[in-house]
Amino acid sequence: MIKKTLVGAGLVAVMAFGLVAPAQAASTSTAASCSSGMYVKAKTSLKIRATPTTKSTALGVFPKGSKACNISQSSGQSLNVCGKRSDVWQEIRYGTTRGWIPRACALYP
């Protein structure tokens, strides 16, 4: 049995055994599955960047309080953000967007 439910801006199909599969890609929510099993939460709204620098292309926005899949981390441009000075950047997948945010602005729930 498949039950369709409207969630935020995206329609999802809920299977009887509890799996959720997106009927359409919704960039405003986390991906249905996170292969690492680890998530990060945004301390503040952030631009998701193509590379770990503020000079790279902004691919989207990671809104404050949202959850994303934690992929990896790397050093990059040093910033003074979220009350800390750091050059560590976190690679995330938020919806269909994959890119980089400053690690100092990520919470690990």
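**Some remarks on the overall build of the protein chain**
The number of helices and strands found in the protein chain is 0 helices and 10 strands. Listing the helices and strands of the protein chain from first to last along the sequence gives β-β-β-β-β-β-β-β-β-β. Once local pairs closer than 6 in sequence are excluded, the contacts in the protein chain between residues at least 24 apart make up 47%. Carbon and sulfur atoms form 55% of the exposed surface of the protein chain, whose accessible area is close to 6,500 Å².

**A word on the packing of aromatic side chains**
The tally for this structure, following the rule as stated, stands at 1 aromatic pair. Stacked on the ring of tyrosine 39, the Lys or Arg lysine 67 has its end atom at 4.4 Å from the ring centre.

**Re the nonpolar core**
Ranked by size, the top nonpolar core spans 11 residues in total: Val40, Ala42, Leu46, Ile48, Phe62, Ala68, Ile92, Tyr94, Ile101, Cys105 and Ala106. Sorting the residues of this core by element identifies β4 (39-42), β5 (46-49) and β8 (84-94) as the ones contributing at least two each.

**So, the side chain of threonine 97**
The topology assignment puts threonine 97 in strand β9 (residues 97-102). Since its relative accessible area comes to 15%, threonine 97 is described here as buried.

**What about the state of the cysteines?**
By the definition in use, this model includes 2 disulfides. Here cysteine 34 engages in a disulfide with cysteine 69; their sulfurs sit 2.0 Å apart. Of note, the bridge from cysteine 34 to cysteine 69 carries an S-S torsion of about 70° and is right-handed in sense. Of this pair, cysteine 34 sits in the loop between β3 (20-22) and β4 while cysteine 69 sits in strand β7 (residues 67-81), placing them 35 residues apart in sequence. Look at cysteine 69 and you get buried, because its relative accessible area is 3%. Each disulfide of the protein chain joins two cysteines, and with those cysteines numbered along the sequence the arrangement is 1-2, 3-4.

**Let's talk about the pairing of β8**
Where β7 lies against β8, 9 bridges are found, and the strand directions are antiparallel. Bridge assignment links leucine 79 to a residue of β8, and that residue is serine 86. The loop that links β7 with its antiparallel partner β8 comprises 2 residues; one of these, cysteine 82, has a positive phi angle of about 50°. As paired strands, β8 and β9 are joined by 6 bridges and run antiparallel to one another. What sits directly across from arginine 93, in β9, is arginine 98. Between β8 and β9, which follow one another and run antiparallel, lie 2 residues, and glycine 95 among them has a positive phi close to 65°.

**Some points on the pattern of salt bridges**
For the structure on display, the rule yields 1 salt bridge. One salt bridge connects glutamate 91 with arginine 98, and the closest N-O pair in it is separated by 2.9 Å.

**Some words on the environment of arginine 49**
Mapped onto the elements of the fold, arginine 49 is located in strand β5. Residue arginine 49 is classed as buried on the basis of its relative accessible area, which comes to 14%. Separated by 53 residues in sequence, arginine 49 and proline 102 place their C-alpha atoms 9.4 Å apart. Once residues within four sequence positions are removed from consideration, arginine 49 is found in contact with Thr54, Ser56, Thr57, Ala58, Leu59, Trp89, Gly99 and Trp100. Polar contacts involving the side chain of arginine 49 include one to the main-chain carbonyl oxygen of threonine 54, which spans 3.2 Å. Here the side chain of arginine 49 touches serine 56 through a polar contact of 2.8 Å, landing on its backbone oxygen.

So, how was this worked out
Residues numbered from 1 in each chain as written. Predicted model: local features only at pLDDT ≥ 70, side-chain atom pairs only at ≥ 80, totals over all residues. Heavy atoms only, no water. Helix = DSSP H or I, 4+ residues; strand = E, 2+ residues; numbered from the N terminus. Contact = heavy atoms within 4.5 Å. Areas by Shrake-Rupley, 256 points an atom, 1.4 Å probe, with all protein chains shown as cover. Phe/Tyr/Trp six-rings, centres within 6.5 Å; stacked < 30°, edge-to-face > 60°. Lys NZ or Arg CZ within 6 Å of the ring centre and 35° of its normal. Core = buried A, V, L, I, M, F, W, Y, C linked by side-chain atoms within 4.5 Å. Buried < 20%, exposed > 50% of the residue type's maximum accessible area, 1.4 Å probe, protein only. Disulfide = S-S within 2.5 Å. Pairing = 2+ DSSP bridges. Salt bridge = Lys/Arg side-chain N within 4 Å of Asp/Glu carboxyl O. Polar contact = N/O pair within 3.5 Å; in protein donor to acceptor, adjacent residues only side chain to side chain.

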